[in-house]
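Tertiary structure, described
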Amino acid sequence: MKKINLLVLYFLLLTGIYSCGQTESADTAAVIDKEGAAKADKEVAKTTKDKTILFFGNSLTAGYGLEPDQAFPAIIQGYIDSLDLPYKVINAGVSGETSAGGKSRISWLLKQPVDVFVLELGANDGLRGISPTDTYQNLGTIIDKVREKNPDVKIVLAGMQMPPSMGRNFTDEFKQVYTRLAEEKKVALIPFLLHGVGGNPKLNQADGVHPTIEGQKILAKNTWEILENLITTQP
């Protein structure tokens, strides 16, 4: 009888140990599942909080003659990533685009939410001798359309200037297009996107118009000086 009781006791102990092992395994699995779920939730949260910066411009934005990752919007994305900011850059630059062409094209792009809008148009208008009044009206319409679709959007206007060869009256009037719009529409202004690049043969491609890789880096710097404050401070 005593031997039977000992066997039963031994069996019960084994069963108890096994049961505890099952409980520990279940608890461990639960912890792993919770950690996995928390990690997944974090990734989803990171994805859902990503904001969009839309660069809307011409060949300067598109990075004419260079690889896409050498254009200044891509360089800006590098700045953003280095600071671990929740912004995704979209390059919507089209070579040869005028302000009129941009006005026609913008509605299609506004099908997606835009948190920051960088407007870089007008240079081709000036080089073609288009009236600065028309450029002013077109750019103003683009800004209005963006705000109508995205009321809380932050807007940056890339200022442009014409070479003296276009005539003093024209160059002065053209320059004022950007300063007027910045003041009247209450948008941030890059005084001159090509500052430090325009007219410098070493920083432009053979055509003398489109920046080299080093030139694009300076465009990125000129833009970041204005953009950084907008995306690193609370709204």
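Computed from a prediction, not measured in an experiment: that's the story for all the values here.

Once that is clear, we can look at the overall build of the protein. A count of helices and strands for the protein gives 8 helices and 5 strands. Secondary structure of the protein in N-to-C order comes out as α-β-α-α-β-α-β-α-α-β-α-β-α. Once local pairs closer than 6 in sequence are excluded, the contacts in the protein between residues at least 24 apart make up 75%. Taken as a whole, the protein presents about 13600 Å² of accessible surface, with 57% of it coming from carbon and sulfur.

Attention now moves to the packing of aromatic side chains. Per the stated rule, a full pass over the model turns up 5 aromatic pairs. Summarising the aromatic geometry, the rings of Phe55 and Phe72 are spaced 5.7 Å apart at their centres and angled 85° between planes, so their arrangement reads as edge-to-face. Note that Phe55 is positioned in strand 1 (residues 51–57) and Phe72 in helix 3 (residues 72–82), a separation of 17 residues in sequence. Through a chain of ring-to-ring contacts, three or more aromatic side chains come together here, namely Phe170, Phe174 and Tyr178.

Before going further, it helps to spend a moment on the sheet that holds strand 4 (residues 154–158). Read from one edge to the other, the open sheet built from 5 strands follows the order 2-1-3-4-5, with strand pairing classed as parallel. The two strands at the open ends of the sheet, each matched to only one other strand, are strand 2 (87–93) and strand 5 (188–190). Strand-to-strand twist across the sheet, computed as the mean angle between neighbouring axes with direction ignored, equals 20°. Strand direction decides the pairing type here: strand 1 and strand 3 (residues 116–120), joined by 5 bridges, are parallel.

Moving on, we come to the pattern of salt bridges. The final tally for this structure, using the stated rule, is 6 salt bridges. We note a salt bridge from Asp172 to Arg168, for which the minimum N-O separation is 3.7 Å. Of the two residues, Asp172 and Arg168 both sit in helix 7 (residues 168–185), 4 residues apart, roughly one turn of that helix. One salt bridge connects Glu214 with Lys217, and the closest N-O pair in it is separated by 3.1 Å. Taken together, the residues Glu214 and Lys217, both in helix 8 (residues 213–232) and 3 residues apart, mark about one turn of the helix. The partly exposed category is assigned to Glu214, whose relative accessible area is 43%. The partly exposed category is assigned to Lys217, whose relative accessible area is 40%.

Mapping Thr212 onto the fold places it in the loop between strand 5 and helix 8. Apart from residues lying up to four places away in sequence, Thr212 is in contact with Leu66, Lys202, Leu203, Asn204 and Gln205.

Okay, the nonpolar core next. Ile53, Phe117, Met160 and Ile231 are the most contacted members of the largest nonpolar core, which totals 54 residues. Apart from the residues within four sequence positions on either side, Ile53 is in contact with Ile80, Tyr87, Lys88, Val89, Ile90, Val116, Val118, Leu227 and Ile231.

Every buried residue of helix 3 is listed here: Phe72, Pro73, Ile75, Ile76, Gln77 and Ile80. Against the buried residues of helix 3 lie strand 1, helix 2 (59–62), strand 2 and helix 8. Taken from the residues just after helix 3, Asp84 is the one with a positive phi, measuring 55°.

Rules behind the numbers
- Residues numbered from 1 in each chain as written.
- Predicted model: local features only at pLDDT ≥ 70, side-chain atom pairs only at ≥ 80, totals over all residues.
- Heavy atoms only, no water.
- Helix = DSSP H or I, 4+ residues; strand = E, 2+ residues; numbered from the N terminus.
- Contact = heavy atoms within 4.5 Å.
- Areas by Shrake-Rupley, 256 points an atom, 1.4 Å probe, with all protein chains shown as cover.
- Phe/Tyr/Trp six-rings, centres within 6.5 Å; stacked < 30°, edge-to-face > 60°.
- Pairing = 2+ DSSP bridges.
- Axes fitted to C-alpha atoms, helices over the stretch in contact; angles between N-to-C directions.
- Salt bridge = Lys/Arg side-chain N within 4 Å of Asp/Glu carboxyl O.
- Buried < 20%, exposed > 50% of the residue type's maximum accessible area, 1.4 Å probe, protein only.
- Core = buried A, V, L, I, M, F, W, Y, C linked by side-chain atoms within 4.5 Å.

As far as function goes, none of this settles anything; it's purely spatial.
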